[in-house]
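An overview of the molecular structure
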Amino acid sequence: MPIASPSRTFAPLNPPQRLLLGPGPSDVHPRVLAAMTLPLLGHLDPAFVAMMDETKEMLRYVFQTKNPMTLALPGTGSSGMESAFVNLIEPGDSVLICVVGYFGERMVDMTERLGAKVHVIEKPYGEAFDPSEVRDAVKKHAPKVVGIVHAETSSGVLQPLEEIVKIVHEAGALIVVDAVTSLGCVPVMTDEWGLDVVFSCTQKGLSCPPGMAPISFSPKAVETIHARKTKVPNWYLDVSLLSKYWGSDRAYHHTAPISMAYALREGLSLVIEETLEARFARHVRNQKALKAGLQALGLTYVAAEGFQVPAVHAVRIPDGIDDLTIRKRLLNDMGIEIGGGLGSLKGKAWRIGLMGQGSKERNVLLLLGALEVCLRDAGCSLKPGAALEAAGAAYAG
Ligand SMILES: *Cc1c(COP(=O)(O)O)cnc(C)c1O
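Residues numbered from 1 in each chain as written. Predicted model: local features only at pLDDT ≥ 70, side-chain atom pairs only at ≥ 80, totals over all residues. Heavy atoms only, no water.

This part is about the site of the ligand. Lining the immediate environment of the ligand, one finds 13 residues, of which Thr76, Ser78, Thr153, Asp178 and Lys204 sit closest. In the environment of the ligand, a nitrogen atom lies 2.6 Å from a nitrogen or oxygen atom belonging to the side chain of Asp178. Contact with the protein chains covers 90% of the free accessible surface of the ligand, which is 380 Å². Counting atoms within 2 Å of the grid points, the majority share of the ligand lands in the second largest pocket. Counting residues per element, the ones that place at least two in the shell around the ligand are α3 (77-88) and α4 (102-112). Among the residues forming the shell around the ligand, the class breakdown is four nonpolar, six polar and three charged. (Near = heavy atom within 4 Å. Polar contact = N/O pair within 3.5 Å; in protein donor to acceptor, adjacent residues only side chain to side chain. Areas by Shrake-Rupley, 256 points an atom, 1.4 Å probe, with all protein chains shown as cover. 1 Å grid on protein atoms, 1.4 Å probe; cavity = no way out; pocket = protein on both sides within 12 Å on 5 of 7 lines; lining within 4 Å. Sits in = over half its atoms within 2 Å of the grid points. Helix = DSSP H or I, 4+ residues; strand = E, 2+ residues; numbered from the N terminus. Nonpolar A, V, L, I, M, F, W, Y, C, P; charged D, E, K, R; others polar.)

Take a look at the structure:
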């Protein structure tokens, strides 16, 4: 028996208007959305290939690298993570993962599946590693690869990397860095710091829809991949095959997600128009104002002072306030999305994103006003206007 057609019809798609202030996806610039509606090209069309070259050039600027092997994978940020590890790791390799939150835990899960000897060092949510802790672990486990998250979206922690990369390299190991939430929001100095593999996504700091994963491999990482004794166990994410499509061979590998590639190209061109310097300064300015406002609402940060990432503000939910009641009110009544807690912070924290395009004064003030109304309705005794007053002072000062 064939399966019958559904008895109802489906109206043309009409999603509600939202302001995306969660931990991703972030709001998309109209120019990016417009680019996605442009006519398709074939994935080997010279015009598309020329656009891929533009994308590569722009990615090298955003990643601050000269690495020839810099491209964008078809897949979300997690495909970048998976690609970094499947290409570098062979069964039995010693791997060290430095976990400061949920996405570090994902690195552990991925590398264990590859038959590596995975060693884990861990910090409680909200803290970052001191370089000496990584030095001790590297001495003890002599890893081939060290994995670490730059901006841990679950806790809002920004992990300083420069010292740690030096330690990893002195021990002869390679460093894999998750820059999914940091790229386009805070400096990611791939060449200056010496990152061996660094990957990101399109839907956070670059303010495009989800669907691709920018990634860059250092010459040393490429050498390591060429020296493998075993085949990369995953065909789709094998960067040697992928680079034949992104390099001068232009050999068919997969059908590139054309409209997504348009979006990424347009999103990157917006970053270049703004410049990285201005973009980072804008993120810091809005971070300061949002932080002043949230603190005026009595909310405390999960991430330790001095280690807070401008793109994600993880704050503890006050005692007696129900997570979902507030988030539903924000979403349903005000059209604003913020994120809940992940991992050990589930139900205990909110995550507010000011990423890329979304990091702007209007969003900061709108969210603070809305959140204050929700908290007061839920019984918090707050001075009306306190959050906006604090944010306004931060902008003025
Ligand atoms: C969002 C995120 C990921 C996963 O990216 P997806 O695009 O959801 O696959 C990985 N690492 C960090 C730090 C993230 O914030």
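Moving on from the coordinates now.
With respect to burial, strand β10 (residues 212-217) is a largely interior element, six of its six residues being buried. Side-chain alternation along β10 places Met212, Pro214 and Ser216 on one buried face and Ala213, Ile215 and Phe217 on a second face that is also buried. Here strand β2 (residues 70-74) pairs with β10 via five bridges, running antiparallel. When the sheet's bridge partners are listed, Ala72 is paired in β10 with Pro214. The sheet contact formed by strand β9 (residues 197-199) and β10 spans three bridges and is antiparallel. If you follow Val197 over to β10, its bridge partner there is Phe217. (Buried < 20%, exposed > 50% of the residue type's maximum accessible area, 1.4 Å probe, protein only. Pairing = 2+ DSSP bridges.)

The subject of this paragraph is the environment of Ala370. By the element assignment, Ala370 lies in helix α13 (residues 361-377). Since its relative accessible area comes to 9%, Ala370 is described here as buried. If we skip the residues at most four places from it in the chain, Ala370 touches Leu330, Met334 and Ile336. (Contact = heavy atoms within 4.5 Å.)

Residues Phe48, Phe85, Leu88 and Phe217 are the most contacted members of the largest nonpolar core, which totals 84 residues. By size, the runner-up hydrophobic cluster in this structure holds 30 residues, among which are Tyr301, Ile326, Leu367 and Leu371. (Core = buried A, V, L, I, M, F, W, Y, C linked by side-chain atoms within 4.5 Å.)

At a minimum axis separation of 8 Å, α13 and helix α14 (residues 386-396) run at an interaxial angle of 160°. Put simply, α13 runs roughly antiparallel to α14. When the axes of α13 and α14 are compared, the crossing they make is right-handed. Contacts between α13 and α14 involve Glu361, Val364, Leu365, Leu368, Gly369 and Glu372 on the former and, on the latter, Ala386, Ala387, Leu388, Ala391 and Tyr395. Tallied by class, the residues present in the contact of α13 with α14 amount to eight nonpolar, one polar and two charged. (Axes fitted to C-alpha atoms, helices over the stretch in contact; angles between N-to-C directions. Parallel < 35°, antiparallel > 145°, perpendicular 65-115°, else oblique. Left-handed = near helix turned anticlockwise from the far one by under 90°.)

Considered as a void within the structure, the largest pocket measures approximately 330 Å³ in volume. By residue class, the composition of the lining of the largest pocket is nine nonpolar, two polar and two charged. Here the second largest pocket defines a volume of roughly 180 Å³. Lining the second largest pocket we find 15 residues, and of these Ser78, Phe103, Arg106, Val180 and Lys204 sit closest to its centre. At the level of secondary structure, the elements contributing two or more residues to the lining of the second largest pocket comprise α3 and α4. Residue classes in the lining of the second largest pocket are distributed as six nonpolar, six polar and three charged. (Points joined across faces, edges and corners; volume = space filled by probe spheres on them.)

Here we come to empty space enclosed by the protein. The final tally for this structure, using the stated rule, is two cavities of 30 Å³ or more. Counted as a void, the largest cavity has a volume near 40 Å³. The wall of the largest cavity is formed by Phe48, Met52, Ala72, Met212, Tyr245, Trp246, His254, Ala256, Pro257 and Ala261. For the lining of the largest cavity, the secondary structure elements donating two or more residues are α2 (46-63) and α9 (239-246). Across the lining of the largest cavity, the residue classes break down as nine nonpolar, one polar and no charged. Quantified by volume, the second largest cavity comes out at close to 40 Å³.

What follows deals with the packing of helix α11 (residues 276-296) against α13. Closest axis-to-axis distance for the α11/α13 pair is 10 Å, and the angle between their directions is 10°. The angle between the axes of α11 and α13 places the two elements in the roughly parallel class. Here Arg285, Asn286, Ala289, Leu290, Gly293 and Leu294 of α11 come into contact with α13, specifically with Glu361, Val364, Leu367, Leu368 and Leu371.

Before going further, it helps to spend a moment on the domain arrangement of the protein chain. Segmentation of the protein chain into domains returns domain 1 (30-272) and domain 2 (276-396). Using C-alpha coordinates to define each centre, domain 1 is positioned 29 Å away from domain 2. On the domain 2 side, the residues contacting the 26 residues of domain 1 number 24 residues. Summed over both partners, the interface of domain 1 with domain 2 buries about 2,100 Å², with 67% contributed by carbon and sulfur atoms. Ranking the residues of domain 1 by area buried against domain 2 places Tyr125, Gly156 and Cys185 at the top, with a combined share of 24%. The interface formed by domain 1 and domain 2 holds eight residue pairs in polar contact (both at pLDDT 80 or more) in total. (Domains from an automatic or database assignment. Buried area = accessible area lost by both parts, 1.4 Å probe.)

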